[in-house]
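# Notes for the structure review
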Amino acid sequence: MRKNQIASNPLPDHVPPEMVRDFSLFTSPGMAPTANGDPHAAVACVHDGPPIFYSPNNTRDGQGTWVITRAKDQRTVLQDTETFSSHRSIFASALGENWPMIPLELDPPAHGIFRSLLNPLFSPQRVTALEPAVRERAVALIDSIAAAGTSCDLMKEFAFPFAVNIFLRFLGLPDDRLTTFVGWGKNLFHGDVPKRLAAAQRIVAFIDELAALRRKVPGDDFMTFVVQAQVQGRPLSDEEVRGIGVLVFAAGLDTVATAIGFDLAYLARNQKDQEWLRSEPDRIVLAAEELLRAYPTVQIIRVATKDIDFEGAPIRKGDYVSCASMIANRDPAEFDCPNTINLAREHNRHTAFAYGPHRCLGSHLARREIVIGLEEWLARIPPFRIKEGTAPIAHGGHVFGIENLILDWS
Amino acid sequence: MRIIVHNTKCQGHARCWAHAPDIFKLDDEGYILPGDIKVAEKDERLASQGARSCPERALVIDLTAAA
Ligand code: HEM
Ligand code: SF4
């Protein structure tokens, strides 16, 4: 650990110095935006060390967290919501306010009430019904890319317009503001403090307005459902409507696009796997699970509600506990040869969408979008690679990402 | 073969259902229906694949039970 870090961020007294490791999803080697970087491979090194350790600087605002490395232990933490709470109000507290994003920052039993309300809208059965529209959108975008030339900026021309469009339709929002929304998402997840704050304010104002509009002029969309919904025999409060709207907006904005970006970057660099999936598209469903395992994007954080000794670590009430999906997904105790990407891997019980009651509400939609995106891309674009003289930029952080992915099939 | 279903552990990942929608039936929210599942001999392979795909370990394979 660097000395200046100790000075700016003193270790809590209860953390034994021998449990501290110089590791951070923000500052470790490979986490800053890096040309041709592989941040997921970079974090896998923690598996040479202990199952749990303390990282003095492991959140966006430089706070320390315990780091749980094994999939088995992450499952225990994420399933035990009584000891490890989600109640953090990250979004609101950044604004100096105090309301939870729903259901993300609620604990059971309140959490379950809202999950039950929202689950049917995102169920696997419901997502199957959305499939034709998703496929149509993928085909339209890819056909126009193929017609325009033999290379493209994948994130800008396909991944974002595809994923964000599906998502905006779902929310009942117009397409013409797509670029604006993507910009807000970028600032929110990857911007510095002032940018984050400004983006958060815009998103809240936007969701409040949209909710007000849908109360007056109902449509056939998600926000209309939310403003008309009832829980326990009463309508939702304005704060609850906002908590749901803001979360779903933020959670769906760039997650799927980023996953598609990492997946196509992998295939661009691995021609054999690319050809295998192109010639046997039935394999894509299973392969997409392996790519979700290898390239997950979210660090999951919980707060201890009481003192507990966990695998030898003295976790104290109020401590942050990090369950980074990219770390558990490279656990050799859970996955054979975790650093080998094997598109035919079976029994792939990865945690890209978390374990426990907060399992990603959008996971079924996200999976279908990823599979359809890969299917249509491989069916319509001939063998592609990273364009010579360009380098995709990948980064770590609270949400991992990839930019400047220029694909070429000339 | 029988699959023991621990409903309280199910978090609706629907991985079991993705393997075998006719064996692992979901409710309207996308979570597994309550009750252990009796598996016919011809379905055993598919059923055990589905059970072993559950990220939460909500499905336990019981080989002692005859179908
Ligand atoms: C590949 C894409 C995606 C990934 C990797 C992903 C990952 C995750 C993860 C790890 C969590 C758990 C967070 C926690 O427990 O602290 C989560 C929760 C959530 N996700 Fe996703 N997500 C994706 C796409 C989506 C989409 C498309 C939507 C919405 C349409 C969505 C909506 C949500 C919601 C609402 C929650 C909160 C669930 C709860 O707290 O009960 N996600 N996601
Ligand atoms: S895979 Fe497990 S958690 Fe998912 S629906 Fe089936 S039983 Fe439930």
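These numbers come from a predicted model, not from an experiment. (Residues numbered from 1 in each chain as written. Chains lettered and ligands numbered in written order. Predicted model: local features only at pLDDT ≥ 70, side-chain atom pairs only at ≥ 80, totals over all residues. Heavy atoms only, no water.)

## Some thoughts on the overall build of chain A
Secondary structure summary: chain A contains 16 helices and 15 strands in total. Its C-alpha atoms give chain A a radius of gyration of 21 Å, within 12% of the compact-globule value 22 Å for 410 residues. With the C-alpha coordinates aligned to their principal axes, the bounding extent of chain A is approximately 60 × 55 × 40 Å. Counting over 410 residues, chain A shows a buried share of 58%. Of the contacts made within chain A by residues no fewer than 6 positions apart, 69% connect residues no fewer than 24 positions apart. (Helix = DSSP H or I, 4+ residues; strand = E, 2+ residues; numbered from the N terminus. Rg over C-alpha atoms; globule rule 2.2 N^0.38 Å. Buried < 20%, exposed > 50% of the residue type's maximum accessible area, 1.4 Å probe, protein only. Contact = heavy atoms within 4.5 Å.)

## As for the coordination of the iron atom of ligand 1
Protein coordination of the iron atom of ligand 1 is limited to a single donor, Cys360 of chain A (SG), which sits 2.2 Å from the metal. Structurally, the position occupied by Cys360 of chain A is in the loop between helix 15 (325-328) and helix 16 (363-380). (Donors = N, O, S within 2.8 Å, 3.2 Å for Na, K, Ca; no water.)

## Describing the packing of aromatic side chains
Residues and elements named next belong to chain A. For the structure on display, the rule yields 18 aromatic pairs over all chains. Summarising the aromatic geometry, the rings of Tyr54 and Trp66 are spaced 5.1 Å apart at their centres and angled 80 degrees between planes, so their arrangement reads as edge-to-face. With Tyr54 in strand 2 (residues 52-55) and Trp66 in strand 3 (residues 65-68), the pair connects residues that are 12 residues apart, well separated along the chain. Ring-pair connections join several aromatic residues into one group, and the members of that group are Phe158, Phe162, Trp377, Phe384 and Trp409. (Phe/Tyr/Trp six-rings, centres within 6.5 Å; stacked < 30°, edge-to-face > 60°.)

## Concerning the pattern of salt bridges
All names here are of chain A. In this structure the tally under the stated criterion is 29 salt bridges over all chains. With a closest N to O distance of 3.1 Å, Arg75 and Glu334 form a salt bridge. Note that Arg75 is positioned in helix 3 (residues 71-79) and Glu334 in the loop between helix 15 and helix 16, a separation of 259 residues in sequence. We classify Arg75 as buried; its relative accessible area is 8%. (Salt bridge = Lys/Arg side-chain N within 4 Å of Asp/Glu carboxyl O.)

## Some details on the packing of helix 7 (residues 154-171) of chain A against helix 12 (residues 255-269) of chain A
All names here are of chain A. The N-to-C vectors of helix 7 and helix 12 enclose an angle of 135 degrees; their axes lie 8 Å apart at closest approach. The pairing of helix 7 with helix 12 is recorded here as oblique in orientation. Viewed along their axes, helix 7 and helix 12 form a crossing whose handedness is right-handed. Here Leu154, Met155, Phe158, Ala159, Phe160, Phe162 and Ala163 of helix 7 come into contact with helix 12, specifically with Val256, Ala257, Thr258, Ile260, Gly261 and Leu264. In the contact of helix 7 with helix 12, the residues fall into 11 nonpolar, 2 polar and no charged. (Axes fitted to C-alpha atoms, helices over the stretch in contact; angles between N-to-C directions. Parallel < 35°, antiparallel > 145°, perpendicular 65-115°, else oblique. Left-handed = near helix turned anticlockwise from the far one by under 90°. Nonpolar A, V, L, I, M, F, W, Y, C, P; charged D, E, K, R; others polar.)

## Focus: the pairing of strand 11 (residues 320-324) of chain A
Residue and element names in this part refer to chain A. Buried residues dominate strand 11, accounting for 5 of its 5 residues. The side-chain alternation of strand 11 yields two buried faces, one formed by Tyr320, Ser322 and Ala324 and the other by Val321 and Cys323. Where strand 8 (residues 299-304) lies against strand 11, 5 bridges are found, and the strand directions are antiparallel. By the bridge assignment, Val303 is partnered in strand 11 with Tyr320. (Pairing = 2+ DSSP bridges.)

## Structural notes on the interface of chain B and chain A
Each side of the interface is counted separately: chain B has 19 residues, and chain A has 23 residues. Buried area between chain B and chain A, both sides added, is near 1800 Å², and the carbon and sulfur share of it is 44%. The salt bridge partner of Arg15 of chain B is Glu289 of chain A, with a shortest N-O separation of 3.1 Å. If you look at where chain B meets chain A, you find 14 residue pairs in polar contact (both at pLDDT 80 or more). A breakdown of the residues in the side of chain B that touches chain A according to their chemical character gives 6 nonpolar, 6 polar and 7 charged. (Buried area = accessible area lost by both parts, 1.4 Å probe. Polar contact = N/O pair within 3.5 Å; in protein donor to acceptor, adjacent residues only side chain to side chain.)

## With respect to the nonpolar core
In summary, soluble globular proteins display a tendency toward joint burial of nonpolar side chains. Residues and elements named next belong to chain A. Core analysis: the biggest nonpolar cluster contains 111 residues, and Phe222 and Trp377 have the highest contact counts within it. At 13 residues, helix 7 tops the list of elements feeding residues into this core. Aside from chain neighbours lying at most four places away, what touches Phe222 is Leu118, Leu121, Phe122, Phe170, Leu171, Ile244 and Val248. Among the nonpolar cores identified, the runner-up in size contains 21 residues, and Val15, Met19, Ile68 and Ile300 belong to it. (Core = buried A, V, L, I, M, F, W, Y, C linked by side-chain atoms within 4.5 Å.)

## A closer look at the sheet that holds strand 1 (residues 34-35) of chain A
Paired through their backbone hydrogen bonds, the strands of a sheet run either parallel or antiparallel. Residue and element names in this part refer to chain A. Within the open sheet, the 3 strands sit side by side as 1-13-14. Their pairing is antiparallel. In this open sheet, the two edge strands, each paired with only one partner strand, are strand 1 and strand 14 (401-403). On top of the sheet, helix 12 reaches strand 13 (393-395) and strand 14; it is set at about 65 degrees to strand 14, its chief contact.

## Observations regarding the confidence of the model for chain B
Confidence in the prediction for chain B averages 94 pLDDT; 96% of positions are at 70 or higher. Taken over the whole predicted complex, pTM reads 0.95, whereas the ipTM for its chain interfaces reads 0.93. (pLDDT = per-residue confidence, 0-100.)

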